[in-house]
Amino acid sequence: MRKVSVFGATGSIGESTFDLLMGQGGAEAYDVVALSGGRNVARLAEQARALKADIAVTAFEDSLPALREALAGSGVEAAAGAQALIEAAHRPADWIMSGIVGAAGLAPGFAALSQGTTLALANKESLVTAGPLLMAEARAHGATILPVDSEHSAIFQGLVGEEIGAVERVIITASGGAFRDWPLERLAQATVAEASSHPNWNMGQRITIDSASMFNKTLEVIEAKEFFGFTPGQIEVLVHPQSIVHSIVGFRDGALMAHLGVPDMRHAIGYALNWPDRQKLPVARLDLAAIGSLEFRAPDTERFPALRLAREVMETGGLSGTVFNAAKEIALDLFIAGRIGFLQMAALVEAVLEDMSKGQGLGIAAVDLDMVLDCDAEARARALVISEQGRI
């Protein structure tokens, strides 16, 4: 029986993974080793009971009593905290979903790779903050990383049977988020509630806001560079409001291979879960005649300054991705808390990058995970200082 673990089980990626596991036989088909979640311990316990997991871990130590109570009599072990997450990731499993949002998913992902397993990577921040280290860790332990972002899964599938050297360009599509059709002058007044409503996808609040600001897409652009080894010049972004075409791979003979599918993360997750085979998935089938037409347009970098910043980060390399992501996460926290405006998020990230590029610069390659985590902490602290000083 295949051993699996799901980190970030109560988030949108985790819920889709849970749905697929249950649909493919649940505890009768899979030996579920570990599930992790945040403060929604009731849901985490419900999932753990349904899948008969060995252990359930909440990221928050003060939520442990509630988790223990919810799991009482189930035989499922309960644990909490960052170290417990890492220890759970070290437990042998054949397939591990990395679905924790943000830099918090970095250490568990590295722990999983150290056992030479298959890591289904939905945590894009891992590649943005420590891409070279993560890929080196996978190679060192003979582990396999499978991309789970719909865009990178699409590229991965488009490359099956192809030589990476034959790729001329890749086009990553973006829905444009909640504000794709707003007048530019209105964006400064955008509220958290308005930014939290996605026109196409059902996702968590943070990733939905990141979609509205295009920060989510910038992370994916950097991720494509780190995972596939594409140069910045090979990676393009198009706004595609229908979210039907997830990515396009262009080859040197001029051919374009597009991946189409309904906006449902169970497609990419299911592909990774069953890889290298394909299994029947509970996703809607496209009716192209009903869709009628597909729209594409170039992104407005004035509307989405995050795209420009991502280009600069890719050109700089080194620790710039770590700083970019850390500042972005703090900027998002501050926007959700009502302390900065929507457009100030990009301004804050740019200010942190400028501040930390002085002196030694950001192009230095990280030598280990501790160096990445130290830089991450410094960037977060710098972002808070800059915000408090009103420099944006």
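Residues numbered from 1 in each chain as written. Predicted model: local features only at pLDDT ≥ 70, side-chain atom pairs only at ≥ 80, totals over all residues. Heavy atoms only, no water.

Enquirer: Is there a simple way to think about the packing of helix α1 (residues 12-23) against helix α11 (residues 266-274) in this case?
Expert: Packed helix pairs are characterised by how far apart their axes lie and by the angle those axes make with each other. Across the interface, α1 lies against α11 with an axial gap of 10 Å and an inter-helix angle of 60°. Considered as vectors, α1 and α11 are oriented oblique to each other. Between α1 and α11 the crossing geometry is right-handed. Touching I13, S16, T17, D19, L20 and L21 of α1 are R266, I269, G270 and L273, all from α11. The residue makeup of the contact of α1 with α11, split by class, is 5 nonpolar, 3 polar and 2 charged. (Axes fitted to C-alpha atoms, helices over the stretch in contact; angles between N-to-C directions. Helix = DSSP H or I, 4+ residues; strand = E, 2+ residues; numbered from the N terminus. Parallel < 35°, antiparallel > 145°, perpendicular 65-115°, else oblique. Left-handed = near helix turned anticlockwise from the far one by under 90°. Contact = heavy atoms within 4.5 Å. Nonpolar A, V, L, I, M, F, W, Y, C, P; charged D, E, K, R; others polar.)

Enquirer: Can you help me understand the sheet that holds strand β7 (residues 144-147) in this one?
Expert: In a beta sheet, neighbouring strands pair by backbone hydrogen bonds and run either parallel or antiparallel. Overall, parallel pairing links the 7 strands, which are arranged β4-β3-β2-β1-β5-β6-β7 in an open sheet. Unpaired on one side and paired on the other, β4 (77-80) and β7 mark the two borders of the sheet. For this sheet, the mean angle separating the axes of adjacent strands, direction not counted, is 20°. Where strand β6 (residues 118-121) and β7 come together, 4 bridges link them in parallel fashion. Bridge pairing links T118 to T144 in β7. The strands touched by α1 are β1 (2-7), β2 (30-37) and β5 (95-98); relative to β1, the strand with the most contacts, the crossing angle is about 155°. (Pairing = 2+ DSSP bridges.)

Enquirer: Mind showing me how you'd approach unusual backbone geometry here?
Expert: Excluding glycine, most residues fall at negative phi; most peptide bonds, likewise, are trans. Each neighbour pair has its own omega, and for W275 with P276 the value is 10°, a cis peptide bond. Within the secondary structure, P276 sits in the loop between α11 and α12 (288-291). Of note in the backbone geometry, S243 takes a positive phi value of approximately 55° without being a glycine. Position of S243 relative to the elements: it lies in the loop between β9 (235-239) and β10 (245-251). Residue class for S243 comes out buried when judged on its relative accessible area of 5%. (Buried < 20%, exposed > 50% of the residue type's maximum accessible area, 1.4 Å probe, protein only.)

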